[in-house]
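# Fold and geometry: a report
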Amino acid sequence: MMTEKKHVIVIGAGPAGSVVAALLQNKGHQVTIIERDKFPRFSIGESLLPQCMAFIEQAGMLDAVQAAGFQLKTGAAFIHKDKHSEFVFSDKFTAGFDSTFQVQRDKFDALLADEAQRMGVEIRWQQQVVDADFSAEKPLLTIKGSDKTYQIEAEFVLDASGFGRVLPRLLNLEKPSDFPCRQSLFTHIEDRIDCSQYDRNKIRIIVHPEQRDVWYWLIPFSNGRCSLGVVAEPDFIQSQGDDQEQVFRQLVAQEPSLAELLKNAVFDTRVNTIKGYSADVTTLYGDGYALLGNAGEFLDPVFSSGVTIAMKSASLAADILDKQLNQQTVDWQQDFVIPLQKGVETFRTFVTAWYEGSLQDVVFYDQQQDNIKAMICSILAGYVWDEKNPYVKNSKPRLKTLAELCREP
Ligand code: FAD
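First, a word on scope: everything that follows refers to the structure included in this document.

Each value, and the rule that gives it
Residues numbered from 1 in each chain as written. Predicted model: local features only at pLDDT ≥ 70, side-chain atom pairs only at ≥ 80, totals over all residues. Heavy atoms only, no water. Near = heavy atom within 4 Å. Polar contact = N/O pair within 3.5 Å; in protein donor to acceptor, adjacent residues only side chain to side chain. Areas by Shrake-Rupley, 256 points an atom, 1.4 Å probe, with all protein chains shown as cover. Helix = DSSP H or I, 4+ residues; strand = E, 2+ residues; numbered from the N terminus. Buried < 20%, exposed > 50% of the residue type's maximum accessible area, 1.4 Å probe, protein only. Pairing = 2+ DSSP bridges. Axes fitted to C-alpha atoms, helices over the stretch in contact; angles between N-to-C directions. Contact = heavy atoms within 4.5 Å. Core = buried A, V, L, I, M, F, W, Y, C linked by side-chain atoms within 4.5 Å. Parallel < 35°, antiparallel > 145°, perpendicular 65-115°, else oblique. Left-handed = near helix turned anticlockwise from the far one by under 90°. Nonpolar A, V, L, I, M, F, W, Y, C, P; charged D, E, K, R; others polar. Salt bridge = Lys/Arg side-chain N within 4 Å of Asp/Glu carboxyl O.

### Remarks on the site of the ligand
Close contacts around the ligand come from 36 residues, with Glu35, Ile44, Ser47, Asn294 and Val307 the closest. Contact distances for the ligand include 3.3 Å between an oxygen atom and a backbone N or O atom of proline 15. The side chain of arginine 105 places a nitrogen or oxygen atom 2.9 Å from an oxygen atom of the ligand. Here the ligand has 1,000 Å² of accessible area as a free molecule, and 97% of this is covered by the chains. Secondary structure elements with two or more residues in the shell around the ligand: helix 1 (15-26), strand 8 (128-133) and helix 9 (306-325). With three residues, the single largest contributor to the shell around the ligand is helix 9.

Written out as structure tokens, the structure reads:
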């Protein structure tokens, strides 16, 4: 079998892959991305957080993203029965971008990949990494294209394969997530919303009227369409019936504000489902490789943290790998895993508290002090690496105390 030699190989051209490739290419390294699909292709994860704009800017892609005509996102609206609570990102505690976009991921991912290519990154489309060997001095990947299977020997491999989880599977690094198995049903609709109070600049997170651990997302796009999804434990979804399309419509009908808002909507796209998406690994790096974004850990969709974490991991990995390739001594644990995990842990605390109900008590509390709300708003905007924010530095005890205060009569 033919063996090519390459400098840095990135597996996958999702947000983590394109951003890390661009960052490294701009630092003078030759990067090749191996991508299984042909873009544009559908992907879930359409609501971005302001924090990720900083990584897009770092990668030199900000102008292209801002010019693409995506729906502006300036905050989040939470709804439970008659309660309505809004967080406006410009009120946040942490300095930095205070808006972002809601994006159709087929278009967004293609745009990031195009930008990476424009910077000199080579992308090999419809090529799948099927095997990986890290036992020799240099990593060896086996790649299956449409007409041939071949090998690439690289200096370093960055796995940004998302839910493909290439190296966790091939190197036996999979570890079950601490979160219970949850399932999501979702689709795109032509929303035809004519309510004057409806703000297209905000994602809506709506709690089911009876089941507090069941929630819906409504993510508006700039073209009169929305992404609409529901998240629940699989037993709850199964209890609603067998026909996925019908179950989805039924669940939407169960939430009065959503049913009213979407009364004229056209459901013109097949309902999709994904189950058991939370995932973890035993290690985020090893000799010759590191795992980025969803190829490492994935928590939960509720706070739209996936793309932001993916890009943060890309940003950290690009810095450290640049040093390593320039023969400097590096410490992946100290400079990659620990800083990345700091923010992931903050999101984990918030996700856990959401499903337990305590974060919902905080979110819907209507007498919140402005300074506290600003700190919570920062987390919702993705600024989970700002240790000046007490809800980052001591997220668990802080959030517990706050939830108790919010629950007091
Ligand atoms: P991906 O975007 O998954 O990209 C990986 C790429 O690798 C793909 O293009 C794939 O084709 C390629 N690949 C896979 N296997 C191979 C292989 N063997 N060889 C070569 N290439 C390969 N995140 C948000 O930020 N906002 C949200 O609103 C949001 N909502 C979500 C809702 C749900 C229900 C779920 C499950 C997730 C949601 N997420 C959200 C998370 C988001 O989808 C991911 O975190 C994000 O896409 C991760 O980016 P990535 O670059 O790590 O991987």
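### A short note on the pairing of strand 4 (residues 75-80)
The buried fraction of strand 4 is high, at six of six residues. Of the two faces of strand 4, the one holding Gly75, Ala77 and Ile79 and the one holding Ala76, Phe78 and His80 are both buried throughout. Connecting strand 4 to the antiparallel partner strand 5 (residues 83-88) that follows it, the hairpin turn spans two residues, and lysine 81 within it adopts a positive phi of roughly 50°. Summarising the sheet, strand 4 and strand 13 (residues 202-207) pair through six bridges and their orientation is parallel. Across the sheet, residue glycine 75 finds its bridge partner in strand 13, namely lysine 202.

### Details of the sheet that holds strand 12 (residues 183-190)
Working definition: the strands of a sheet are paired by backbone hydrogen bonds and lie parallel or antiparallel to each other. With respect to topology, seven strands assemble into an open sheet ordered 5-4-13-14-15-12-16, the strand pairing being mixed. The two strands at the open ends of the sheet, each matched to only one other strand, are strand 5 and strand 16 (272-275). Taken over all neighbouring pairs, the strand axes of this sheet differ in orientation by 20° on average, direction set aside. Pairing geometry for strand 12 and strand 15 (residues 225-232), over eight bridges, is antiparallel. Residue glutamate 190 lies in a different strand from strand 15, and its bridge partner there is arginine 225. Of the strands in this sheet, strand 12, strand 14 (215-220), strand 15 and strand 16 are in contact with helix 7 (residues 244-253), which crosses strand 12 at around 80°.

### Remarks on the nonpolar core
Phe78, Leu158, Phe303 and Trp354 are the most contacted members of the largest nonpolar core, which has 122 residues in total. Sequence-distant contacts of phenylalanine 78, defined by excluding residues within four places in its chain, comprise Lys83, His84, Ser85, Phe87, Ile205, Phe303, Trp354, Val363, Phe364 and Leu380. Grouped together as the second largest cluster of nonpolar side chains are 24 residues, Ile79, Phe236, Ile237 and Leu251 included.

### Looking at the packing of helix 2 (residues 51-58) against helix 9
Two elements in contact, helix 2 and helix 9, have axes whose closest approach is 9 Å; the angle formed by their N-to-C orientations is 40°. Taken together, the axes of helix 2 and helix 9 lie oblique to each other. The interaxial crossing formed by helix 2 with helix 9 has left-handed handedness. Side by side, helix 2 and helix 9 meet where Gln51, Cys52, Phe55, Ile56 and Gln58 of the first sit next to Thr308, Met311, Lys312 and Ser315 of the second. Split by residue class, the contact of helix 2 with helix 9 holds four nonpolar, four polar and one charged.

### Looking at unusual backbone geometry
For the bond running from phenylalanine 39 to proline 40, omega is -5°, close enough to zero to count as cis. On the secondary structure map, proline 40 appears in the loop between strand 2 (31-34) and helix 2. Despite not being glycine, glutamine 126 shows a phi value in the positive range, around 55°. Along the polypeptide, glutamine 126 turns up in the loop between strand 7 (122-124) and strand 8. Despite not being glycine, asparagine 172 has its phi angle at roughly 60°, a positive value. Here asparagine 172 is to be found in the loop between helix 5 (166-170) and strand 11 (174-175). Among the residues examined, asparagine 172 registers a relative accessible area of 66% and is labelled exposed.

### Re the pattern of salt bridges
Taken as a whole and judged by the stated rule, the model has 24 salt bridges. The salt bridge partner of glutamate 174 is arginine 165, with a shortest N-O separation of 3.0 Å. For glutamate 174, a relative accessible area of 36% gives the class partly exposed. The class of arginine 165 is buried, set by a relative accessible area of 7%. The shortest N-O distance in the salt bridge between aspartate 191 and arginine 200 comes to 2.8 Å. According to the relative accessible area criterion, arginine 200 is partly exposed, its value standing at 22%.

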